[in-house]
Structures are given as structure tokens and as C-alpha cells.
Protein chains: 2
Amino acid sequence: MVVLHGKAELSRRRALEVDLAQMGAMAEKQLGDAISAFERRDMTLADAVVAADAQIDAAHHRIERDAIAILETEQPSGAALREIIASFKLANELERVGDLAKNVAKRTLVVSQELKTMSIATAIGRMGRQSMRALTDVLDAYVGRDMAAAQAVWSGDGNIDELYNSLFQETLVSMMREPDQVSACTHLVFISKNFERVGDHATNIAEVLHFLVTGEPLTSVRPKGDETPTTSVTIAN
Amino acid sequence: MVVLHGKAELSRRRALEVDLAQMGAMAEKQLGDAISAFERRDMTLADAVVAADAQIDAAHHRIERDAIAILETEQPSGAALREIIASFKLANELERVGDLAKNVAKRTLVVSQELKTMSIATAIGRMGRQSMRALTDVLDAYVGRDMAAAQAVWSGDGNIDELYNSLFQETLVSMMREPDQVSACTHLVFISKNFERVGDHATNIAEVLHFLVTGEPLTSVRPKGDETPTTSVTIAN
């Protein structure tokens, strides 16, 4: 299908695409910086991540406003309409990734002061890197309209969930063994949960791409949704 | 402004409105049931909440599909366009409330087996009721297009956040005192975090109504966004 657009329409859509790509890059950078701050206990970087979240929120609002303006003035249908809807959804996912990065940075400020041993934290940092790779891969897939690559991210989310579950258990054991680490370890549990949720957002983005390309409703069930660990842990003291 | 619609258009929009109201009622019921299951340690009810989440997801997909169909066939503008965009956003918030209710139910299944003392759990249940009241109030405000009532919910979210922070501290102290309660208490922390997030979604819904009524972009800053406790707790043993 060949669709002909006026010059103004094309530039408006092009601007939206550029804004989305920039917002994606910002979310990746925020997440990467949050992980680095956590790994290196770098308070200056953690503060910078917290402060920069407002920029992602601003990009989100700009994209929503521009998408609504396109709907208002161009009243697109078919693939062009799906493109706008998908932009809306993608911006929403990226904004939430930004929130999670900010939350990791905030908790890093507490953890860094109190945590005595770094072994679990190191493993959680690696998990963070894995969720970041999923985000990067799915954003590349989105830009390239590469359904196979997006599908690979979607299918791989189970690995992140499994890693989360095993780190969850390990952190609980630490808390039981060392009560003075309870506060730091609770924040560690939330930090790893945040990385697990980044993985969920990556699968959501894969679903947005699926909708964009195929026009099919987003009815797919995630490979592993809400894998709340329902086992518990006890240790012989 | 008087807008005249054809009969088919009116019925399509009316159907969307009914679907949204039903989805709102479902989210409220799921949250209410999750709180009751948690308070009464009612495993049967908790299982029912987990199972019923698929219905909310289905409603979400139906609303998105129907909203896109309206954009496709009617190409609305102005207030009618805002109505569709707001439906999209509201359904998204409700779906996430449903996820949180399901998560509370899942964690209830663990907590109920292990928790020895109910005093914190009782307080957390009360916090859940408070978040549920915010949800009910804001959904009533939405249906009645009552900006003042929505604003009241928006402004009241700080109370839920404060309650969350104080329960967070209290739960950490319990964990330090009783290491064998670490697992149950960690799930308690997540349950109360889920209620705190329900409060955030209620404020988001207030912002959606603001956009719907005024047409202004959703740039308002939440009264208390991401109030991650950054204090820590120590006890003299």
C-alpha cells in the first residue's frame, strides 16, 4: 500500500518518531546510569538519575500532546492510526522504565550506606544488566520493525524472572542470618523487583510492536507475568 | 457546543462507556476481594481473585479495540477525541489496579501460612481500605465528571504515602526482631507497597479526568510521587 502524505503531515509524524527515539535513548541511559550507580555505590550518579527523571516525564507529555494533535488534524486510519496508538503505548512503557530507574537510584542511596557484603548486590547488578539488554534489544527491534528480534526478547523474559526468584530467596536468607542487614536487604529486594519489571516492560514493548505491524489486538499472554515468588524460605540457624 | 451524532456512532460510544464502567467495577471488586482475602486469610477468595484477573485483562483489550475502531470509523476531534484518549488511559490504569489486586492475593497465600502476629497485617489491611476508598471516589468523580471530587482524591494521596512509610518502618522492625518472620514480612512490605501504588493510580485517574474535562495536557506533578522511604531502621536488640 502506498500512502501519500502532505509535507506538513510527514514532518509532524517524523518529529513524533524522533521524539520517541530520543525518549527511548533517555530511558536506556537512565536505567544504565541507575545500574552503574548501584554497582559502584556512586551517590553523585544516583542523584543525577533522580534529577533527570523529570526530562523523561516531559518527553512523555510532549509525545502524548503531539500524538493527539496528529489525531486531531490528520484523522489517520489503518497503519497510520496504529502508528499513533503504538507511539502512545511505547511512550507509556518508557515513562515507567524511567520511574523504575529513578526508584533504583533512590534505593541505592540507602543501600550503599548500610550494606556490608556485596555478593548479592553484584548478582543483582548483573540481573539489572540483563533487563537493560532486553530493553535495548526490544527498542532496536521496534525501530527496525524486526518482529523476530522482538519475539526473542518476549520469549527470554522467563530467564529474568527465574533469576529474580533465585535472588529473592537468597536475599531473604541474608536477612534471616543478619538482622542488621534487614533494611538494606529489603531495598535490595525492591531493586531486583524493579529490574524484573523492566523485563516486563520490554515484553510489553514487543507486544506493542506486534500490534503495530500486524494490527492484531494485544491479547497475547506474557511468557511469565507477575511471577511473584510464592515459596518461602527458612534456615536452620 | 452541540455535537450531533448518528445513531450508530452514539451506540458505539455508549458501549465504550458501559464497558469502562464495568471494568471500573471489576477493578474495585478485585481490590476489595483481595483486601478481604488478606484480612481474613481466606485462601479460597485469594485464589478466586488470581483467577478473575484474566477478565479484567479481557475487558482492557476489548476497550482498546473498540476505542481504536471509533478512531478508525468516526475520526473524532475535540471533546469527542479526548473522550476516546481518556478511555484508553483509564482502562490502562484499571488494568494495573487489577494486577496489583492479583499480586496482593498471590502474596496472601504465602503470608497467611507464616505470619504469627496480625497487628501489622491489620494496619496494612486498613491502608488497603484507604486506597480502595480513593479508587472508588475517583471512579465516581470520573463518571460524574466531578473535578472537585477528583482533586480531593489527588490531594489526599499524601496520606496514603505517609501511612505506607510508617508501616514500612514497622514491618522492618518486626523482621529484625523475629528472623523467622522475614519471609512473611517481606511479602507484607510488598502488599502495602501495592496498596500505595493503588493510591498512585487513583491520582493518575484524577489526572485523566482533568485532561478529559479541560483539554489541558497531563503535566501536573503528583502530590507525592514515588515516596520511597529513604530512611533506615535500626533497633537495639
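Definitions and cut-offs
- Residues numbered from 1 in each chain as written.
- Chains lettered and ligands numbered in written order.
- Predicted model: local features only at pLDDT ≥ 70, side-chain atom pairs only at ≥ 80, totals over all residues.
- Heavy atoms only, no water.
- Helix = DSSP H or I, 4+ residues; strand = E, 2+ residues; numbered from the N terminus.
- Buried < 20%, exposed > 50% of the residue type's maximum accessible area, 1.4 Å probe, protein only.
- Contact = heavy atoms within 4.5 Å.
- pLDDT = per-residue confidence, 0-100.
- Salt bridge = Lys/Arg side-chain N within 4 Å of Asp/Glu carboxyl O.
- Phe/Tyr/Trp six-rings, centres within 6.5 Å; stacked < 30°, edge-to-face > 60°.
- Lys NZ or Arg CZ within 6 Å of the ring centre and 35° of its normal.
- Axes fitted to C-alpha atoms, helices over the stretch in contact; angles between N-to-C directions.
- Parallel < 35°, antiparallel > 145°, perpendicular 65-115°, else oblique.
- Left-handed = near helix turned anticlockwise from the far one by under 90°.
- Nonpolar A, V, L, I, M, F, W, Y, C, P; charged D, E, K, R; others polar.
- Core = buried A, V, L, I, M, F, W, Y, C linked by side-chain atoms within 4.5 Å.
- 1 Å grid on protein atoms, 1.4 Å probe; cavity = no way out; pocket = protein on both sides within 12 Å on 5 of 7 lines; lining within 4 Å.
- Points joined across faces, edges and corners; volume = space filled by probe spheres on them.
- Expected span 1.5 Å × (residues − 1).
- Bend = angle between axes of the 7 residues up to and from the residue.
- Polar contact = N/O pair within 3.5 Å; in protein donor to acceptor, adjacent residues only side chain to side chain.
- Disulfide = S-S within 2.5 Å.

A word on the overall build of chain A
Here is step 1: Secondary structure assignment for chain A yields six helices and zero strands.
Here is step 2: For chain A, the α and β elements follow one another from N to C terminus as α-α-α-α-α-α.
Here is step 3: Out of the 237 residues belonging to chain A, those deemed buried represent 56%.
Here is step 4: Sequence separation of 24 or more characterises 85% of the internal contacts of chain A that already satisfy a separation of 6 or more.

Digging into the confidence of the model for chain A
Here is step 1: In the predicted model, chain A carries a mean pLDDT of 89, and the fraction of residues at 70 or more is 87%.
Here is step 2: ipTM for the predicted complex: 0.88, alongside a pTM of 0.90.

What about the pattern of salt bridges?
Residues and elements named next belong to chain A.
Here is step 1: Across all of its chains, the model carries 27 salt bridges over all chains by this definition.
Here is step 2: Residues E74 and R13 are paired through a salt bridge, measuring 2.6 Å at the closest nitrogen-oxygen approach. On the criterion of sequence distance, the pair formed by E74 in helix α2 (residues 43-74) and R13 in helix α1 (residues 7-40) is long-range, its members being 61 residues apart. Each member of the pair, E74 together with R13, is buried.

A few points about the packing of aromatic side chains
All names here are of chain A.
Here is step 1: Considering all chains together, one arrives at three aromatic pairs over all chains under this definition.
Here is step 2: Taken together, a centroid distance of 6.0 Å and an interplanar angle of 45° make the contact between Y164 and F168 tilted. Remark: F168 and Y164 occur in helix α5 (residues 147-177); sequence separation between them is four residues, near one turn of the helix.
Here is step 3: According to the relative accessible area criterion, Y164 is buried, its value standing at 1%.
Here is step 4: Residue class for F168 comes out buried when judged on its relative accessible area of 1%.
Here is step 5: Over the ring of F190 we find R107, and its NZ or CZ is 4.1 Å from the ring centre.

Examining unusual backbone geometry
Residues and elements named next belong to chain B.
Here is step 1: Non-glycine residue R41 carries a positive phi angle of around 50°.
Here is step 2: With respect to the helices, strands and loops of the structure, R41 is situated in the loop between α1 (7-40) and α2 (43-74).
Here is step 3: On the accessibility criterion, R41 (29% relative accessible area) is partly exposed.
Here is step 4: Despite not being glycine, Q75 shows a phi value in the positive range, around 40°.
Here is step 5: Mapping Q75 onto the fold places it in the loop between α2 and α3 (78-114).
Here is step 6: For Q75, a relative accessible area of 27% gives the class partly exposed.

Some details on the packing of α3(B) against helix α6 (residues 182-214) of chain B
All names here are of chain B.
Here is step 1: One can describe the packing of α3 onto α6 by two numbers: an axis separation of 9 Å at closest approach and a directional angle of 170°. Considering the angle they form, α3 stands roughly antiparallel to α6. The handedness of the crossing between α3 and α6 is left-handed.
Here is step 2: Its residues placed into classes, the contact of α3 with α6 shows 20 nonpolar, seven polar and eight charged.

A few points about the nonpolar core
Here is step 1: Judged by nonpolar contacts, the single largest core of 144 residues is most densely connected at A:L188 and B:L188.
Here is step 2: Not counting chain neighbours up to four residues away, the residues in contact with A:L188 comprise A:F38, A:V111, A:L115, A:I120, A:A121, A:I124 and A:T171.

Topic: empty space enclosed by the protein
Here is step 1: Applying the stated criterion across every chain yields a total of four cavities of 30 Å³ or more.
Here is step 2: In this structure, the largest cavity spans a volume of roughly 50 Å³.
Here is step 3: In terms of lining, the largest cavity is formed by B:L115, B:T117, B:S119, B:I120, B:S174, B:E178, B:Q181, B:C185 and B:L188.
Here is step 4: Of all elements in the fold, only α4 (119-143) and α6 of chain B reach the threshold of two or more residues within the lining of the largest cavity.
Here is step 5: Of the residues belonging to the lining of the largest cavity, the class tally is four nonpolar, four polar and one charged.
Here is step 6: Space inside the second largest cavity adds up to approximately 40 Å³.
Here is step 7: As for the second largest cavity, its lining consists of A:L71, A:Q75, A:P76, A:L81, B:L71, B:Q75, B:P76 and B:L81.
Here is step 8: Residues of the lining of the second largest cavity, tallied by class, amount to six nonpolar, two polar and no charged.

Quick notes on helix α5 (residues 147-177) of chain B
Residues and elements named next belong to chain B.
Here is step 1: Here α5 spans 46 Å end to end across 31 residues, near enough to the 45 Å set by a 1.5 Å rise per residue.
Here is step 2: At G156, α5 is deflected by roughly 30°, the largest bend along its length.
Here is step 3: The distance from a side-chain oxygen at the start of α5 to the backbone nitrogen of A148 is 3.2 Å, and the residue carrying that oxygen is D146.

Comments concerning the environment of A:I63
Residues and elements named next belong to chain A.
Here is step 1: Within the element layout of this structure, I63 appears in helix α2.
Here is step 2: Separated by 28 residues in the primary sequence, I63 and A91 have C-alpha atoms spaced 7.1 Å apart.
Here is step 3: Sequence-distant contacts of I63, that is, excluding residues within four places in its chain, are made with L16, D19, L20, M23, S87 and A91.

Quick word on the state of the cysteines
Two cysteines joined by a covalent bond between their sulfur atoms form a disulfide.
Here is step 1: Considering all chains together, one arrives at zero disulfides over all chains under this definition.
Here is step 2: Free of any disulfide, A:C185 has its nearest neighbouring cysteine sulfur in B:C185, separated by 14 Å.
Here is step 3: Residue B:C185 is classed as buried on the basis of its relative accessible area of 3%.

A word on the environment of B:L115
Here is step 1: Mapped onto the elements, B:L115 comes out in the loop between α3 and α4.
Here is step 2: B:L115 has contacts with B:R41, B:A121, B:Q181, B:A184, B:C185 and B:L188, leaving out every residue within four places of it along the chain.

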